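Secondary and tertiary structure notes
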Amino acid sequence: MEKNRKLNIIRFYPKGYILIFFITLFSCSPIKYVAEDDFLLDRYRIKIDEGRIKKEELRNYVRQKPNKRILGFRFHLGMYNLSRKNKEKGLSSWLRTIGEEPVIYDGFMTQKTKEQLKSYLDNKGYYNSEVTDTVFFKRRRARVFYKIKAREPYLVRKIDFESEDSNLESIVLADTANSLINVGDIFDIDVLQEERKRIENDLKNKGFYFINKDYILFEADSSASNKDVALKLKIKTQKKQLDNKFVSIPYQKYKVRNVYVFTNFDQKIALQQKEKYYDDIDTVFHNGIFYISKGEDKLSKKIIEQSNFIESQNFYSIKDINKTYKHLNSLRLFKIINIHFSDVKSENDTAKYGLLDCHIQLTKYYLQSYTVELQGTNSSGNIGAGGSFLYQHRSLFGGAEITDFRINGSIETIDEKSIGGNDYTTEFGTNITVNIPKFILPVFKAKRFSKKFSPKTQISAGYNFQDRIDYQRSIANLSYGYAWDGNKYLKHLIKLVELNAVGVNAQQSFRNYIDSTYLKSSYENHLISVSNYSLIFNNQNIKKNRDFYFFRMNAEISGNILSAVSELTRATKVDGTYEIIGIPFSQYFKTDFDFRYYDIVDSHSSVVYRFFLGAGFPYGNSEALPFEKMYFSGGANSIRAWNVRTLGPGSYSGGSRTRFPNQSGDIKIEGNLEYRFKLFWLLEGAFFIDVGNVWSLRTDDFTGGLFRRNKFYKELAVGSGAGLRFDFSFFIFRLDLGVKLRDPALDEGQRWIIGNRKLNWQEDFTLNIGIGYPF
């Protein structure tokens, strides 16, 4: 009976074997490999009764943590427990390798955790705190509870200053407004360490090359009765042995004497040849910099000058060094950048300033490279193959101009019952992009601006040809614009001009089909003259595993200049629109916002929240947005339960107006939530839920597709699903299986699928293939 039941599951559910696997995985006892006298560490909790203590930081000091969980399930422990006892080879060995063995409760580790938590609280000023633990044992499982009574912290009562070097006293005291420590603050050892580092950096930025935080100390005098601390900041001088005794050496400010830039330094050969490596070098002096090279180097000296902030006769500064590193890295020309200084010994011991020579050693990437990519495609359920060839030159004209030339093509089969059999679509394109690390005319020539904001001029040209079932379309484009950094987290992009010439050759039957709709203008020959601006905010720190935000705003306007010229020249309208060289041009305004929040749960899991809102408004010379500028929903980076361009607009249910999906609109609202977690090897997993749709703003040619303020929220599609990602470091291959939960194309009251009907594998499930994360 049980055997027949299992077979019925497999027949009913196409992926029945997977279902059985997970049933087995999660039903397996978590204490399978726990000895009789041991206890599985099930959970731990930290409770704080009071005090300004961050629980997230306290978790870092817990010495023993339970097995990892994914949505409450011990997936890794379950994989380990699937292995057979006494089997050391084959599948069992592999399951133990990718799984995680049970964490056995250890009382000694609990005691060490208490000590670590107490030490942390002491460092944060809570010297009277108390840490206790309680352990509950039940069914061979242990749960540990840590309770913290923080009590009142010690506060800073006063701050005194003492320096063995009188030259530093006035400098440090003048900067107390930026101090991280103030009277009345909690006495925090970590803040004291940060203050020492801050003072060290401030003095180094003012030329004190040999200052070190080891000579910057705090002395604390505490009062147990008042729970306060009197601090004394002390700066000691360096000691030097003279005549068998140590004498204090005052700190000296240093200036840069010479700057040497080795433009084609080879670190590997230099280590092998040592001093001999420097025998055969060329040296050229230009604008205050000595340029050193092995043989001829065509790299533009202006690019180095634009990226270098370390100048002769300036005081030594850490800030200038960091900015030089940042700007040289932004050129994407050097794989190794090494900056170091040498002390120039002076015979005059009474010199006011010391002297340093700066050495900048630059090791380049290979200037030329090419990449060949082959990939499978899955657009709207149609399987195909594609490929591309990319050639890159990192300094085409000797000025770090990164030039990318790409050729790509693809073919997809179309299983179209309405045309009586199989057909296919093809696409071919080529594009060349040049990134120049400075502003080119007609704007922005200022050298100070270039050094501060790392500007780039971006020029691109391309051509794309598409052969669809219903039409052929060619697009030629040319763009010219700029990109520059605003501050640490901001980036600006502006395209002064982007020209697109679109030619469409549609079948007559297709034209007859769309002739009475606003889609007609989207499938005619047209010109698009665009100017756009983008603002990007991203506070991600790749060196730290912490939460971060991403925000992008785009604003785009098209056709105003051409329209103004047409009106000034009193051009004649053809069929109600102005034309340029016999081709109508588009006129519209479009803007959108993309906001994301990345919540880093722990070292192996995160939650990503995303919200997108965009709208385009055709006017003047256009009745509709150009097809390539319309919003669409569905696909690998959108609502993943639908194929691309098969959702909406609104509650429209008539399917595609063409034999190739093209459902699109003027406004788009979308929200996504994705839980990501590491599994094993290269494999990562994800669960997601997507909500959104597109709508038309001016016409209801798609019945139910018009945006209405009192109705749009009823037309939101909801999809969910799970995904697998293969992280190969240099790229991520992604598979996402989406399932429809709410379909706005269905009648009201029937739109929630679960509860109204059974899920259908062919209609309600969609497999998406993608490269990289969806957002």
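Residues numbered from 1 in each chain as written. Predicted model: local features only at pLDDT ≥ 70, side-chain atom pairs only at ≥ 80, totals over all residues. Heavy atoms only, no water.

**Details of the overall build of the chain**
Along the chain, the regular secondary structure elements total 15 helices and 31 strands. By residue count, 44% of the 775 residues in the chain fall in the buried class. Pairs at least 24 apart in sequence give 63% of the contacts found in the chain among residues at least 6 apart. Summing over all exposed atoms, the chain offers an accessible surface of approximately 42,400 Å²; the carbon and sulfur share of this is 53%. (Helix = DSSP H or I, 4+ residues; strand = E, 2+ residues; numbered from the N terminus. Buried < 20%, exposed > 50% of the residue type's maximum accessible area, 1.4 Å probe, protein only. Contact = heavy atoms within 4.5 Å. Areas by Shrake-Rupley, 256 points an atom, 1.4 Å probe, with all protein chains shown as cover.)

**A look at a nonpolar patch on the surface**
A cluster of nonpolar side chains, contributed by Tyr-370, Val-372, Leu-374, Phe-389, Phe-405, Ile-407, Phe-428, Ile-432 and Tyr-463, occupies part of the molecular surface with about 890 Å² of accessible area. Elements with a contribution of two residues or more to the nonpolar patch: strand S14 (368–379), strand S16 (402–416) and strand S17 (421–436). It is S14 that contributes the most residues to the nonpolar patch, three residues altogether. Summarising the element assignment, Leu-374 is placed in strand S14. (Patch = residues over 30% accessible without salt bridge, like charges linked within 9 Å, V, L, I, M, F, W, Y side chains within 5 Å. Salt bridge = Lys/Arg side-chain N within 4 Å of Asp/Glu carboxyl O.)

**A short note on the sheet that holds strand S5 (residues 216–223)**
The pairing of strands in a sheet happens through backbone hydrogen bonds and is either parallel or antiparallel. Spatially, the three strands line up as an open sheet ordered S4-S6-S5, and their pairing is mixed. With partners counted over all chains shown, the strands left at the sheet margins are strand S4 (155–163) and S5, one partner each. Neighbour-to-neighbour, the strand axes of the sheet open up by a mean angle of 20°, direction not taken into account. Sheet analysis places S4 next to strand S6 (residues 228–235), joined by eight bridges and oriented parallel. Pairing of Lys-158 across the sheet is with Ala-230, part of S6. (Pairing = 2+ DSSP bridges. Axes fitted to C-alpha atoms, helices over the stretch in contact; angles between N-to-C directions.)

**What about the packing of helix H7 (residues 166–173) against helix H8 (residues 189–205)?**
In the contact formed by H7 and H8, the axes pass within 11 Å of each other and the chain directions differ by 110°. By the angle class used here, H7 and H8 are roughly perpendicular. Of the residues in H8, those in contact with Leu-168, Ile-171 and Val-172 of H7 are Ile-199, Asp-202 and Leu-203. The residue inventory of the contact of H7 with H8, partitioned by class, reads five nonpolar, no polar and one charged. (Parallel < 35°, antiparallel > 145°, perpendicular 65-115°, else oblique. Nonpolar A, V, L, I, M, F, W, Y, C, P; charged D, E, K, R; others polar.)

**Describing helix H11 (residues 318–330)**
Every α-helical turn comprises 3.6 residues, leaving residues that sit three or four positions apart pointing alike. The end-to-end C-alpha distance of H11, which contains 13 residues, comes to 19 Å, matching closely the 18 Å that a straight helix rising 1.5 Å per residue would cover. Turning to H11, its buried residues number three or more, namely Asp-320, Ile-321, Thr-324, His-327 and Leu-328. The buried side chains of H11 occupy one side of the element, clustering within an arc of 135° when seen end-on. N-capping of H11 is provided by Ser-317, with a side-chain oxygen placed 3.3 Å from the backbone N of Lys-319. (Expected span 1.5 Å × (residues − 1). Arc of directions from axis to C-beta. Polar contact = N/O pair within 3.5 Å; in protein donor to acceptor, adjacent residues only side chain to side chain.)

**Describing a negative patch on the surface**
Together, Glu-275, Asp-279, Asp-280 and Asp-282 make up a negatively charged patch on the protein surface. If you trace the backbone, Asp-282 turns up in strand S10 (residues 282–286). On the accessibility criterion, Asp-282 (38% relative accessible area) is partly exposed. (Lys, Arg positive; Asp, Glu negative; His and termini not counted. Charge placed at Lys NZ, Arg CZ, Asp CG, Glu CD.)

**Observations regarding the sheet that holds strand S2 (residues 130–138)**
One open sheet accounts for three strands, arranged S1-S3-S2; its pairing is mixed. The sheet is open, and its two edges are formed by strand S1 (40–48) and S2, each paired on a single side. The sheet shows a mean angle of 15° between the axes of neighbouring strands, taken without regard to direction. Contacts from helix H6 (residues 107–123) reach S2 and strand S3 (141–149) within the one sheet, and its direction differs from that of S2 by about 155°.

**Section: the confidence of the model for the chain**
When pLDDT is averaged across the chain, the result is 86; 90% of the residues are at 70 or more. Across residues 1–15, where pLDDT falls below 50, the model places nine contacts with residues more than four positions away in sequence or in other chains. Predicted confidence for residues 417–422 stays below pLDDT 50, and this span has seven contacts to residues more than four positions away or in other chains. (pLDDT = per-residue confidence, 0-100.)

**Points about the side chain of Gln-392**
In this structure, Gln-392 sits in strand S15 (residues 382–393). Within polar-contact distance, the side chain of Gln-392 engages the side chain of Asp-404 at 2.8 Å. Excluding residues within four positions of it along the chain, Gln-392 makes contact with Arg-332, Leu-367, Gln-368, Ser-369, Ile-402, Thr-403 and Asp-404.

**Examining the nonpolar core**
Of all hydrophobic cores here, the largest spans 25 residues; its most connected members are Phe-334 and Phe-341. When contributions to this core are tallied by element, the ones reaching two or more residues are strand S9 (254–262), strand S11 (289–293), helix H10 (301–307), H11, strand S12 (334–344) and strand S13 (354–364). Not counting the four nearest positions on each side in its chain, Phe-341 is found in contact with Tyr-209, Val-256, Ile-310, Tyr-316, Ile-321, Leu-356, Asp-357 and Cys-358. Formed by 20 residues, the second largest nonpolar core is a distinct cluster that contains Val-62, Tyr-105, Ala-142 and Ile-186. (Core = buried A, V, L, I, M, F, W, Y, C linked by side-chain atoms within 4.5 Å.)

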